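Here is how the chains run, residue by residue.
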Amino acid sequence: MDRFLQYALTGVSAGSLYALVALGVVLIYRSTRVLNFAHGDIATLATFVSFSLLSRRYSFVAAVVLSLAVGAAIGIAFYFIVLVRAQRQGANLLGMVILTLGLALIIQGVVVYTWGAEPVSLPFPISDSKTYRLGGVVVSQLALATIAAGVAGSLCLYLLVQRTRVGLAMRATSENVMAAQTLGIPTRLVLGVAWGMASALGVVAGIFLAPALLLDPFFMLDPFLKGFAAAVLGGLNSLPGAVVGALILGVAESLTGAYLTIQFKNTLAFVIIIVVLLVRPEGLLGREFKERV
Amino acid sequence: MDLVDSYREDLRFARRPITRALLGLVLAAVVAFPWVAPAYAVFIATLIALYSIGVMGQNLLIGYTGQISFGQAGFLAIGAFTFGHLRIWGMPFLVALAGAGAAAALAGLLVGFPSLRLKGPYLSIATLGFGVAVYQAFVNWEVLSGGRSGLAIPKLKALPGLSVTQSVYYVDVVLLALFTLATYNIISSYVGRAFIAIRDAEIAAEVNGVNLMRYKLLAFALSSFYTGVHGALYAQILGHIEPQSFNVLESLTLFVAVVIGGIASVEGSILGAAFVLLVPKVFADFREMVPVVYGVTILLVLIFEPLGLYGRWLKTRLYFQLWPFR
């Protein structure tokens with residue numbers, strides 16, 4: 001039983017990072033209908049920025065805030081400079097996916113050029129080795145902080161989207177852009193804000209992942225794919241769905257690793273998703289597609 | 001001007017004498033290429049030829065049938081390793097090639113089943129999962145992948161009077177020509193029209209009597225057959241394969257090739273394959289900056305030429321056909 005709880009807790013900790021990534025993916029998909037394949041790479045670049053700042057002896061808070069700003073700025077700039085133009089020309093889903101892939105490649109190149117391909121470790125104030133006992137379960141400080149970051153990120157986003165005027169404008173824009181424009185909502189600006197927020201959420205995930213893994217130019221690829229998968233599992237247009245999907249994915253992955261097979265834990269995670277999608281094609285909490293002929 | 005009198009004439013491959021002459025010139029250049037170009041250029045051209053086959057298959061799936069797949073690297077791996085094992089057991093080249101294609105097509109049928117229920121991004125995740133699963137299966141089961149050092153594949157014997165590089169070049173180019181002709185025939189037959197109907201409006205296609213299940217599965221099987229053959233030829237030219245070369249990035253590269261070359265165009269597939277292989281080679285002097293150049297080119301092509309390279313070619317051709325009027 002203790003073993004089960006232990007692995008479930010590890011899963012929740014991984015799942016809360018996936019949730020941060022997934023929330024960003026969903027936020028972008030439901031507002032601009034773009035699957036952002038550069039999401040992980042934006043986070044990688046920003047995490048490297050915080051690494052540079054920390055090694056220049058900036059305080060941890062300052063470094064995190066600055067790297068969040070960098071991540072958000074890249075997202076916003078990409079939206080205004082590239083996507084707006086492409087959408088004006090009527091680019092389709094595929095075309096926009098390729099555009100984000102292009103951005104991902106550019107960022108990868110810049111990161112390798114600036115920081116090199118050698119893995120480095122991010123000096124992080126919260127330690128991985130310091131642990132607490134809760135009943136029969138051992139939990140590290142880092143895992144606690146990760147879960148806290150996941151909860152805080154989701155909660156802030158929830159409050160922002162459901163309780164503020166900006167959130168109302170975002171919901172209106174993702175519901176119907178034309179109607180929102182007619183009602184005087186500056187939709188461009190709102191979508192830009194959504195891109196910035198989504199990218200910043202990804203950066204938070206990156207910073208909390210960095211101490212557990214080593215920091216190299218591709219360290220976000222796997223977490224990004226997991227976050228993306230979690231978003232699809234929960235339903236791509238549902239923010240609560242992203243969190244639910246991410247937690248299910250994290251726990252399922254950790255339990256398969258513990259009880260079935262460690263080598264195939266990624267595969268089994270995807271198999272679970274495919275099976276769930278075959279039963280509910282629009283994701284767990286997604287709304288059903290209605291198609292007009 | 002250029003009038004079409006009958007449907008047969010519209011379907012014809014080369015309609016006007018000038019097209020025929022140009023086609024002949026291109027063919028002559030392709031045949032003469034390995035005799036005038038250095039061995040390295042011939043090697044790259046061979047890569048482009050075999051890559052084009054995979055991109056064409058991917059284009060049948062994405063461009064013509066409208067099903068997004070991020071799992072192509074899985075089919076590539078299945079094709080490459082099936083081919084490798086068959087060759088090591090002593091099968092002749094063509095049998096091993098057909099076996100590779102068939103194994104990949106079988107896997108394609110399997111992956112096709114979710115496509116009956118899933119759409120767009122949801123389908124893309126399901127296929128991505130397949131790619132990851134195949135990758136991990138090959139990484140973890142050494143029986144399949146030939147262990148840590150990978151699988152060594154017997155080299156092709158040189159054709160009489162040619163070097164090995166030249167023979168591989170001719171084999172791959174002939175296969176590319178066969179696959180190109182096959183693709184043209186598929187897309188201008190009932191099957192191709194059914195694919196396009198599914199892409200444009202699935203429900204309308206079904207109402208008009210297209211058997212959705214049959215044609216979606218057929219699209220997946222056909223496209224993965226192409227990809228399997230691509231994988232096999234790739235294994236042949238490298239002579240040594242390991243599972244690490246068939247990761248998610250490989251799937252994405254194929255995907256980029258389709259969009260850059262031009263969605264739903266056969267010639268575009270070849271242009272796209274040439275693009276993804278040549279850009280890193282041309283900018284090889286700035287090693288670190290290759291991905292940046294690659295990414296910037298993708299952004300520029302897509303913003304200024306949304307129809308891809310083939311769209312640019314069509315516009316140029318139209319300009320000269322109508323010149324001096326516009």
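Along each chain, numbering runs from 1 in the same order as the chain's sequence is written. Each chain gets a letter, beginning with A, and each ligand a number, beginning with 1, in the order they are written. Reporting in this predicted model follows two pLDDT cut-offs: at least 70 for local features of residues, and 80 or more for side-chain atom pairs to be given and counted; totals over whole chains, interfaces and linings ignore these cut-offs and use all residues.

### So, the overall build of chain A
Secondary structure follows DSSP: runs of H or I at least 4 residues long count as helices, runs of E at least 2 residues long count as strands, and numbering of each begins at the N terminus. What chain A contains, in helices and strands, is eleven helices and two strands. Order of helices (α) and strands (β) in chain A, N terminus to C terminus: α-α-α-α-β-β-α-α-α-α-α-α-α. Atoms considered for the radius of gyration are the C-alpha atoms alone. The globule rule reads 2.2 Å times the number of residues to the power 0.38. In terms of overall size, chain A behaves like a compact globule, its C-alpha atoms giving a radius of gyration of 19 Å where 293 residues would be expected to give roughly 19 Å. Its C-alpha atoms give chain A principal-axis dimensions of about 60 × 50 × 35 Å. The exposure scheme places C-beta atoms from the backbone and then counts, for each residue, the other C-beta atoms within 10 Å of its own, assigning buried at 20 or more, exposed at 12 or fewer, and partly exposed in between. Within chain A, the proportion of its 293 residues that are buried is 50%.

### Some remarks on the packing of helix α10 (residues 239-259) of chain A against helix α11 (residues 265-279) of chain A
Residues and elements named next belong to chain A. What counts as an axis is a line fitted to C-alpha atoms, over the stretch in contact for a helix, and the angles between N-to-C directions run from 0 to 180 degrees. Contact geometry for α10 and α11: axes closest at 9 Å, N-to-C directions at 135°. When the axes of α10 and α11 are compared, the pair comes out oblique. Remark: the crossing between α10 and α11 carries right-handed chirality. Here Leu249, Ala252, Glu253, Thr256 and Gly257 of α10 come into contact with α11, specifically with Lys265, Leu268, Ala269 and Ile272. The residue makeup of the contact of α10 with α11, split by class, is five nonpolar, two polar and two charged. For classification purposes, angles smaller than 35 degrees are called roughly parallel, those larger than 145 roughly antiparallel, those between 65 and 115 roughly perpendicular, and all remaining angles oblique. A crossing counts as left-handed when the near helix is turned anticlockwise from the far one by less than a right angle, and as right-handed when that turn is clockwise. Residues are defined as contacting one another if the C-beta atoms placed from their backbone atoms lie within 7 Å. Classification used: nonpolar for Ala, Val, Leu, Ile, Met, Phe, Trp, Tyr, Cys and Pro, charged for Asp, Glu, Lys and Arg, polar for all others including Gly.

### Comments concerning the nonpolar core
Residue and element names in this part refer to chain A. Of all hydrophobic cores here, the largest spans 185 residues; its most connected members are Ala22 and Leu23. With 15 residues, the single largest contributor to this core is helix α8 (residues 187-209). Other than its neighbours up to four places away in sequence, Ala22 contacts Gly227, Ala230, Ala231, Gly234, Ala242, Gly245 and Ala246. For this analysis, nonpolar core means a set of buried Ala, Val, Leu, Ile, Met, Phe, Trp, Tyr and Cys residues linked through C-beta atoms within 7 Å.

### Observations concerning the interface of chain A and chain B
Across the contact, 40 residues belong to chain A and 37 residues belong to chain B. Of the residues forming the side of chain A that touches chain B, the biggest block, 15 residues, is contributed by helix α4 (residues 93-115) of chain A. A class-by-class count of the residues in the side of chain A that touches chain B yields 30 nonpolar, eight polar and two charged.

### A closer look at the pairing of strand β1 (residues 131-134) of chain A
Residues and elements named next belong to chain A. When DSSP finds two or more bridges between a pair of strands, those strands are recorded as paired. Pairing between β1 and strand β2 (residues 137-140): four bridges, direction antiparallel. Bridge pairing in β2 links Leu134 to Val137. Between the antiparallel neighbours β1 and β2 lie two residues, among them Gly135 with a positive phi of about 60°.

### Some points on the environment of Phe43 of chain B
All names here are of chain B. Of note, Phe43 is situated in helix α3 (residues 39-64). Owing to 16 C-beta atoms within 10 Å, Phe43 belongs among the partly exposed residues under this scheme. In this structure, the C-alpha to C-alpha distance between Phe43 and Gly150, residues 107 residues apart in sequence, is 22 Å.

### Topic: the packing of helix α12 (residues 248-261) of chain B against helix α15 (residues 308-322) of chain B
All names here are of chain B. Interaxial distance between α12 and α15 falls to 3 Å at its minimum, and their mutual angle equals 15°. As judged from the angle between their axes, α12 and α15 are roughly parallel. Where α12 approaches α15, its residues Val259, Ile260 and Gly261 are matched on the opposing element by Gly308, Leu309 and Tyr310. Here the contact of α12 with α15 is built from residues that sort into four nonpolar, two polar and no charged.

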